[in-house]
Amino acid sequence: MSESDSFRKGLEGLDQGPRPSDAGDDATPPQAGALPPHPSVDALRQRFGDAVLRHEVVAGDEHIVYVPAARNLEILGWLKDEPAHRYDFLQDLTAVDYGGGREIQVVYQLWSIPNRLNLRVKCELPLQALEIDSVFHLWRASDWLEREVYDMFGVVFRGHPDLRRILMPYNYAEGHPLRKDFPLRGRFSRAEQTRRALAMKTEDHYSPMELEIAHVLGQSVPDPFDQGEAGGSPQGQFGGMGGAG
Amino acid sequence: MALRRLIYNVTRNPEMAPGGSLVHAPIVPHEGEAYEVHEDIAGEHMLINIGPQHPATHGVLRLVLELDGETVVRCIPHIGYLHSSFEKLGEYRDWNQIVPLTDRMDYLAPLIYNCAYAMAVEKLMGITVTERCKVVRVICMELDRIFSHLLWLGTTAIDLGAFTVFLYTFQQREKIYDLHERFTGARITTSSTRIGGMMADLPAGWIAQLNEFLDNFLPVVDEVETLLTNNAIWVGRTQGVGSISGEDAVNWGLSGPNLRASGVSYDVRKDRPYYDYETYDFDVPVGEHGDIYDRYLCRMEEMRQSVRILRQAIDRLPSGSINVDDPRVILPPKTAAMNDMESMIHHFKVVMEGVRAPVGESWFSVESSKGELGMYVVSDGGAKPVRWRVRGPSFINIAAIPHMIEGALLSDVIAVNASLDIVLGEIDR
């Protein structure tokens, strides 16, 4: 009995999430006294003035610039196209939720191939208004990255041409998994999750665009998991070996 | 609409540098005329699935294709069939407990992922690892670059119908598996790094085994090249197929051999050197055409360059401790923990409470076998991360696949998909 109790206690611990920090509410790293200069940050200050909300240096040499979410497209576009800076490579686009009702940060990690310079740009979005302009037309790399942030955090990217879930199923109804208020095991019971998985229809495996294409073609969408007649012997040609990857 | 097929010139050999190594892959533009192989089947469009359960998708990737006869009009990839939410799981684990999650992402180059994660966390914590640890990690990462490229080579060749290559490369991979096993105790799920060092030091005789592997490995690469590089079928299926321009490749965020094949010489080891990579003498092969053939040549050359780095690393491997001398992060020696009360308490506290990271964050990337592997760790001062994010190179590389195959033939879809060297464990995470 006591064993099962401690086991259950361990499981409850899972749902409580990461241990609260000793740092209190302020999760932002402390400002260093004299920050090492970064050419692009200085230029941003000159060009955009107050739009550079904060400048931080973390982990020794990583520069972070906080800009208003409403002006992200303008500032990022300038950073990408301005000949002196040319952050042409979007290394990463992600988000961070610190929990406790704080803003969700959208993080743009930029790299300039010609100038060999890193810069991290962050925009903070309050939980009530998780909307920001898409940078799809600046970097095509942001296509799937923005979809992932939408899927995992529920941030809506205005102007993204095909914003839909990417890792979770299209009809996933439990919310956005990487938010801190999302329990590790999901919102639904295991039974309900299983029921939903088994009840998926063929159409649920397709995006609205594909369903529309199929409709225009006058074709019903094929079941991707149908191993029947269409399956035939797909393994034969490859000897079943190519799947090692 | 007629289908295009290109004439290839099998006589154009890649230039060899003195010593027989291929530093650059100059590919002469096609001089021959394109001719029509067959007429298209009168514009009848259809929607088909490739995958998720298909060996040529290298996992559980699903591509929905709209076909016009045999031409791909539209390609819509679907991923997520292997999603395990590693990033969420990481938020519920100590810094050290995340290491096993990292090698399950890219099980084709697990040591690179172990090392990249440990390096990012060490940067966040301000830990500088020992010289010996640096060199051991360089050895690990270069060994796994070969490990991953060999799998790529074997499976891509099989996808394009060349079975023999697969046998050659997997024979060599088996030897790397043995090296993994002897060092870490596991063949795939290595989990070999710890914050501040490695799980264990190299076992006795491991370097000799590695040397033996390197000696026998280069002839195999040459042998495989004789099978493929001037092979008419290989050349015909890869040259001019799935090409992407350098500008597009940068904009789509490609990295690794896929980017360098397009002529952009961006390699994290050269551009943001870590672990003294600037002191190693090695070349970064850069292609010209961004097609499958250039990617193939780049990877072949990268394996040779990795051998060069490995030999230099073996030469300079210093003696000394492999773990940092920092009781906050490193466990005491087992004998001390068993015999000495203080050490046992220390051991208990590190294991049960975990290593604490300062408030802050770090985005750190290494050059993995597939491209730029970024690790973003955010800490609020606790023993667990607030956010652990992996910038998987395959995830961003595969997003460009519609751009490469729309307008190509159905048979090229398999070739292009194989050429990108994806691993679904890391795409879906």
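Residues numbered from 1 in each chain as written. Chains lettered and ligands numbered in written order. Predicted model: local features only at pLDDT ≥ 70, side-chain atom pairs only at ≥ 80, totals over all residues.

Undergrad: Explain the overall build of chain B to me, and be specific about the residues and the numbers.
TA: Tallying secondary structure elements over chain B gives 17 helices and eight strands in all. Within chain B, counting contacts between residues at least 6 apart in sequence, those at least 24 apart form 71% of the total. (Helix = DSSP H or I, 4+ residues; strand = E, 2+ residues; numbered from the N terminus. Contact = placed C-beta atoms within 7 Å.)

Undergrad: Could you give an account of the sheet that holds strand β5 (residues 117-125) of chain A, with specific residues and numbers?
TA: Residue and element names in this part refer to chain A. The strand order β1-β2-β5-β4-β3 describes an open sheet built from five strands, whose pairing is mixed. Lying at the two open borders of the sheet, with one neighbouring strand each, are β1 (54-58) and β3 (89-97). Averaged over all adjacent pairs, the angle separating strand axes in this sheet is 25°, with direction ignored. Of the strand pairs in this sheet, β1 and strand β2 (residues 62-66) are connected by five bridges, and their pairing is antiparallel. The residue of β2 that forms the bridge with H55 is V65. The strands touched by helix α4 (residues 142-153) within the sheet are β3 and β4 (104-112), with β3 carrying the most contacts at an inclination of about 5°. (Pairing = 2+ DSSP bridges. Axes fitted to C-alpha atoms, helices over the stretch in contact; angles between N-to-C directions.)

Undergrad: Go over the pairing of β2 of chain A, please, and point to the residues and values.
TA: Residues and elements named next belong to chain A. The turn linking β1 back onto β2 is made up of three residues, and A59 within it adopts a positive phi angle of 50°. In terms of strand pairing, β2 meets β5 through three bridges, oriented parallel. Along β5, the bridge assignment pairs V65 with V121.

Undergrad: Explain the interface of chain A and chain B to me, using residue names and the numbers behind them.
TA: The interface of chain A with chain B comprises 52 residues on the first partner and 62 residues on the second. Of all the elements in the fold, those that place two or more residues in the side of chain A that touches chain B are β3, α4, α6 (208-217) and α7 (234-238) of chain A. With six residues, β3 of chain A is the single largest residue contributor to the side of chain A that touches chain B. Here the side of chain A that touches chain B is composed, by residue class, of 31 nonpolar, 11 polar and 10 charged. (Nonpolar A, V, L, I, M, F, W, Y, C, P; charged D, E, K, R; others polar.)

Undergrad: Give me the lowdown on the sheet that holds strand β8 (residues 387-391) of chain B, citing residues and values where you can.
TA: Working definition: the strands of a sheet are paired by backbone hydrogen bonds and lie parallel or antiparallel to each other. All names here are of chain B. Strands sit in the order β6-β7-β8 across an open sheet of three strands; the sheet is antiparallel. One side of each edge strand has no neighbouring strand; the edge strands of this open sheet are β6 (359-368) and β8. Strand-to-strand, the axes of this sheet are offset by a mean angle of 10°, without reference to chain direction. Summarising the sheet, strand β7 (residues 371-380) and β8 pair through five bridges and their orientation is antiparallel. Within the sheet, the bridge partner assigned to Y376 lies in β8 and is R389. Against the sheet, helix α3 (residues 110-125) touches β6 and β7, its axis set at about 150° to β6.

Undergrad: Break down the packing of α3 of chain B against helix α4 (residues 131-159) of chain B for me, with residues and values.
TA: Residues and elements named next belong to chain B. The contact between α3 and α4 brings their axes to 7 Å, and the two run at 140°. Between α3 and α4, the crossing angle belongs to the class labelled oblique. At the point where α3 passes α4, the crossing takes the left-handed sense. The segment α3 lies against α4, with P110, L111, I112 and C115 engaging R137, C140, M141, L143 and D144. Here the contact of α3 with α4 is built from residues that sort into seven nonpolar, no polar and two charged. (Parallel < 35°, antiparallel > 145°, perpendicular 65-115°, else oblique. Left-handed = near helix turned anticlockwise from the far one by under 90°.)

Undergrad: Mind laying out the confidence of the model for chain B, listing which residues take part and the relevant values?
TA: Residues and elements named next belong to chain B. Averaged over every residue, the pLDDT of chain B is 85; residues scoring 70 or more account for 90%. Below a pLDDT of 50 lies the segment residues 1-13, which in the model reaches 36 contacts outside its immediate sequence neighbourhood of four places, other chains included. Of the regions scoring below 50 in pLDDT, residues 22-42 engages in 52 contacts with residues more than four places distant in sequence or in other chains. Interface confidence for the predicted complex, given as ipTM, is 0.83, next to a pTM of 0.84. (pLDDT = per-residue confidence, 0-100.)

Undergrad: Can you break down the nonpolar core residue by residue, with the values?
TA: With 161 residues, the main nonpolar core has V155 of chain A together with A116 and V121 of chain B as its most contacted residues. Looking at this core, the element that brings in the most residues is α4 of chain B, giving 16 residues. (Core = buried A, V, L, I, M, F, W, Y, C linked by C-beta atoms within 7 Å. Buried ≥ 20, exposed ≤ 12 C-beta atoms within 10 Å, placed from the backbone.)

Undergrad: Account for α4 of chain B, with residues named and values stated.
TA: Residue and element names in this part refer to chain B. A rise of 1.5 Å per residue sets the reference length of α4, with its 29 residues, at 42 Å; its end C-alpha atoms lie 42 Å apart and thus fit the reference within 8%. Counting buried positions along α4 gives 27 out of 29 residues, so the element sits mostly inside the fold. Among the residues trailing α4, G161 stands out with phi positive, at a value near 95°. (Expected span 1.5 Å × (residues − 1).)

Undergrad: Give me the lowdown on the packing of helix α6 (residues 206-228) of chain B against helix α11 (residues 292-316) of chain B, citing residues and values where you can.
TA: All names here are of chain B. At their nearest, the axes of α6 and α11 sit 11 Å apart, and the two run at 160° to each other. Judged by the angle between their axes, α6 and α11 are roughly antiparallel. Like other packed secondary-structure pairs, α6 and α11 cross with a definite hand, here left-handed. On α11, the residues that touch I207, L210, N211, L214, F217, L218, V221 and E225 of α6 are M300, M303, R304, V307, L310, R311 and I314. Looking at the contact of α6 with α11, its residues break down into 11 nonpolar, one polar and three charged.

Undergrad: How would you summarise the confidence of the model for chain A if you had to cite specific residues and measurements?
TA: All names here are of chain A. With 78% of its residues at a pLDDT of 70 or more, chain A has an overall mean of 79. Averaged pLDDT values over the elements of chain A bottom out at 39 in α7 and peak at 93 in β4. Note that residues 6-32 has pLDDT below 50 and, in this model, 31 contacts with residues that lie over four places away or in other chains. A low-confidence stretch, residues 229-245 stays under pLDDT 50, and its non-local contacts, those more than four residues away or across chains, total 27 contacts.

Undergrad: Residue-level account of α6 of chain B, with values.
TA: Residue and element names in this part refer to chain B. With 23 residues, α6 extends 32 Å between its outermost C-alpha atoms, agreeing within 8% with the 33 Å of an ideal straight helix rising 1.5 Å per residue. Helix geometry: α6 is bent most strongly at F217, by close to 25°, with proline P219 lying one to four residues after it. Those residues of α6 that sit buried are L210, V221, V224 and L228. Where the residues of α6 are buried, they touch α4, α5 (163-184), α7 (232-238) and α11. (Bend = angle between axes of the 7 residues up to and from the residue.)

Undergrad: So what about unusual backbone geometry? Which residues, and what values?
TA: Positive phi values are uncommon outside glycine, yet R116 of chain A reaches one of about 50°. By the element assignment, R116 of chain A lies in the loop between β4 and β5. A positive phi angle, near 55°, is found at S85 of chain B, a position not held by glycine. Structurally, S85 of chain B can be placed in the loop between β3 (71-78) and α1 (86-90). Judged by C-beta crowding, with 18 C-beta atoms within 10 Å, S85 of chain B ranks as partly exposed.

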